[in-house]
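These are the residues of each chain, in order.
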Amino acid sequence: MVSGKSGGGASSDSPCYNDIGPKAKKSARKKKITKAERLKQLQEEEERRQKEEEDARVKHEKEEMERLERQRIEREKWHQLEAKDLERRNEELEELYLLEECFPEAEKLKRDTRLLSQWNHYIQCDGSPDPSVSPEINTFISLWKEETNETLEEVIAKSKLVLNLIEKLRLLLLQTPSYDLEDKTIIQYRGSILELQELLHLKFNVATERLLRQASTLADLDSGNMEKVIQDENVALYVWANLKKNPRYRSVRFSETQIRFEIPRILATSGIAIRLLHTHYDHTTPLRPVSASLQGHTATATHFVKDEVQKGEAEISKELQEEYKQQECESVSVCEEETKVEEQGDIEVQMSFVQEESEATKCKLEMKLLSEAVFAAQLLLIENANEKPCFCEDNEVDLCQFTTLGGVYHLDIFELPPQCKPMKGWMIVEILKEGLQKYVYPPESTEDFETENAFPPIEVTLEVQESVIFFEDPMVARWDAEGKHWQTDGISNVLYQSEERLITFSLETFGPVTLIQDTHINMPFQSWELRPLDVNKVLLTVTTVFTEIQIQIKENLCMLASVKVDNKKHSSTLEGRWMTPISFILALKETGLNIFPTGHSHFYVVINHKEPLVEIKAYRQLALLSSAFAFGWSKWNVECSSKKVIVKLREHLTEEEPVQDPNWTLLMFSGDRAQRLKINENSETFSEALKEETEFHSTLYHLVKDFASKEAMEKIRSSKCQFIDSVCYMLLSTRLLSYS
């Protein structure tokens, strides 16, 4: 049964397989298309193509019409917004002018502070001179010159007063606005600074000579040579006298320090002294000359303000006289029948009213002129130089590109003066008329010496000042006394040990040396943020390639809040110290934290140039709003033109930690128009399109007023003028909109 089924199954399937072959062959053959059918197909395809093209054309025309209609509606809306902005512009600018009166008000307070400082110094009666008073400072200098028998300790103690006087004069030159400084005052202050610097260095030399005359009485018992180390907050002094002249004693190392000299045989066998005077200040680099443009602007501004005030006073006086005469005539013609007492009383009352009115007019005029002068002085802070400074020498240090840091190391080799000799209870000493003499190394003529390498370079190891930050290995420069500049030749084998804070190098000849760093190493900035902490208190954060610097600003003071280097907290001696903005900027620069461009910085840094007028207006208005709003860097600021700036903004009323992903609003400002942008920081492409349901305004203040809370506006209105001025000064000094 089984085999029968299977056999039957096989026979029933066979015919099916035999029929498939011929059918498949037949179906595989294509039917030949006639010419008429081919033409018909082509015609149908052509009609279909034409229909598709027509549909596409109609669709495109419809879309184009819709686009044009949208553009027309947008243009109409744009023109309406522009018209509305134009209509209220004068009103908004007048309100802004009233708000910006905080700047001349702050300047008046600064003037009062300067006058109060002079008065406080006068009533202290502490014996120190007022450096701004020429007779006092000249008397101080003359009396100190007469003191010729001071020890090094006494000179170092007095140097604190001298450095304080120099710093006062320096700050007077920097803090006093250009329109309040006359040329003769600038010359007087600069002359006093130079005289004090020269006298202080002379005093160190005279005191060193006195010490070296007693070297034999202070000799070390082990080595037989004299060693003296004096360290102070402003000065570190190291003196070594070669009394034994031992040719094998060629490594000079000061005890309890890392300071070391490797001297050649000729010095080891000579009666010489080596002195290292490390001043933590720099009195070697010449004072920067006042540029011609600044002098011209100063003179113009000063004369303009004085002339306008005098002109205004003359006009007011003339008005007073005319009104007085008019009052007299009216009183005579109208009051003939009245008594003389009543007539005189009326005239006095009317004159009092006129005088009060004229005083108000005079104050208003002075405030207006002061406001213009302050604006011009602020504009100078962001002015770019037209020409790059020219340096003639090949190895000359460009002080616009590099900065001296860590003070100056005055390296000197002196001839040992005659030593004191005891005689019958007295100390006899020969005092040379010419004073302390320098030992010339190498000598001008080497013909008397047999070997060519008798005067090899001297290896020096110096300690780097703890408070200074170097973001890269520092360069070493030496002072050229003839050319009056720093240069880098004559120095070799430089090795910087950052952990130990030591620098070793070989020096062909002794003299002042210093360490230099690129001034713009932290520019351009990567980002920045200005965030309120409280009423009249903000935190400015600037992030660079190497560091993050946080600065607190309150009223008329600034403080370094924190510093991070390579994302690690770095302790600084400036942290927690409140200073005036200018003093604070100088202190930051001296520690190597330079985030303050100069007029020449654009020659050395690729910047995002912005028009000065746009930039200054933006900084002033950001400062006005800084009590209630946080501002920050926007990547789109690079994309817009030089006539516009873009910042991100958000309302910030409480002192909380910064939000990780805050809801920022983008603002664009052109100096005379402010608007909110439709794009955000995460948008893919840049667009200047206006955010929906927003309007144009003439100022940033009126723009944020549209969406700010009442509390925020109250905070803005209650901000103190000194605080707003300090924030503005810091923004002008960092130029965040151009250097980020």
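See above for the structure.
Model, not experiment: these values are computed from the prediction.

Caption draft 1: A look at the overall build of the protein. Check the secondary structure of the protein and you find 14 helices and 23 strands. Per-residue burial over the protein gives 42% buried out of 740 residues. Of the contacts made within the protein by residues no fewer than 6 positions apart, 69% connect residues no fewer than 24 positions apart. Looking at the protein as shown, the accessible area adds up to about 42000 Å², and 51% of this sits on carbon and sulfur atoms.

Caption draft 2: Highlighting the packing of helix α5 (residues 152-175) against helix α10 (residues 581-590). Axis separation between α5 and α10 bottoms out at 10 Å; the angle between their running directions is 115°. Between α5 and α10 lies a crossing whose hand is right-handed. Across the interface between the two elements, Glu167, Arg170, Leu171, Leu174 and Gln175 of α5 pack against Ile582, Ser583, Leu586 and Glu590 of α10. Among the residues forming the contact of α5 with α10, the class breakdown is four nonpolar, two polar and three charged.

Caption draft 3: Examining the layout of surface pockets more closely. In this structure, the second largest pocket spans a volume of roughly 880 Å³. Lining the second largest pocket are 32 residues, and of these His201, Thr284, His410, Trp479 and Pro512 sit closest to its centre. Every element with two or more residues in the lining of the second largest pocket is listed here: α6 (183-213), β5 (272-279), β6 (402-415) and β10 (475-480). Of the residues belonging to the lining of the second largest pocket, the class tally is 13 nonpolar, 10 polar and nine charged.

Caption draft 4: Structural context of helix α2 (residues 35-99). Under the 1.5 Å per step criterion, the end-to-end length of α2 is 89 Å for 65 residues, consistent within 8% with the ideal 96 Å. Along α2, the largest kink reaches about 50° and is centred on Arg89. Among all positions of α2, only Leu81, Asp85, Arg88, Arg89, Glu92 and Leu96 are buried. Each element contacted by the buried residues of α2 is listed here: α11 (612-625) and α12 (700-705).

Caption draft 5: Just the sheet that holds strand β1 (residues 226-231), in detail. The antiparallel open sheet is built from seven strands, whose spatial order is β1-β2-β5-β6-β14-β10-β11. Bordering the open sheet on either side are β1 and β11 (485-487), each of which pairs with just one other strand. Taken over all neighbouring pairs, the strand axes of this sheet differ in orientation by 20° on average, direction set aside. Sheet analysis places β6 next to strand β14 (residues 512-518), joined by seven bridges and oriented antiparallel. Bridged to Leu405 within β14 is Leu515. Sheet contacts for α6: β1, β2 (235-241), β5 and β6; angle to β5, the most-contacted strand, approximately 145°.

Basis of the calculations
Throughout this description, residue numbers start from 1 for each chain and increase along the sequence as written. Predicted model: local features are reported for residues with pLDDT of at least 70 only, side-chain atom pairs are reported and counted for 80 or more only, and whole-chain, interface and lining totals are derived from all residues. The side-chain numbers reported here are obtained from all heavy atoms of the structure, hydrogens and water having been left aside. A run of H or I in DSSP counts as a helix once it spans at least four residues, and a run of E counts as a strand once it spans at least two, with each numbered from the N terminus. Remark: exposure states derive from per-residue accessible area (1.4 Å probe, protein chains only) relative to the maximum for the residue type, with buried under 20%, exposed over 50%, and partly exposed in between. Contact criterion: two residues are considered in contact whenever any of their non-hydrogen atoms come within 4.5 Å of each other. Accessible surface is estimated by sampling points in the Shrake-Rupley manner with a 1.4 Å probe; for residues, cover comes only from the protein chains shown. Axes here refer to lines fitted to C-alpha atoms; in helices the fit is confined to the stretch in contact. Angles between the N-to-C directions go from 0 to 180 degrees. A crossing counts as left-handed when the near helix is turned anticlockwise from the far one by less than a right angle, and as right-handed when that turn is clockwise. Residue polarity follows a fixed list, in which Ala, Val, Leu, Ile, Met, Phe, Trp, Tyr, Cys and Pro are nonpolar, Asp, Glu, Lys and Arg are charged, and the others, Gly among them, are polar. Both site types are read off a 1 Å grid over the protein atoms alone. A 1.4 Å probe that fits but cannot get out defines a cavity, while an open set with protein on both sides within 12 Å along at least five of seven lines defines a pocket; lining residues have an atom within 4 Å of a point. Grid points are joined across faces, edges and corners, and a volume is the space filled by probe spheres set on the points. Expected helix span is taken as 1.5 Å per residue step, with the number of steps being one fewer than the number of residues. The bend at a residue is defined as the angle formed between two axes, one fitted to the seven residues ending at that residue and one fitted to the seven starting there. A pair of strands counts as paired when DSSP detects no fewer than two bridges linking them.

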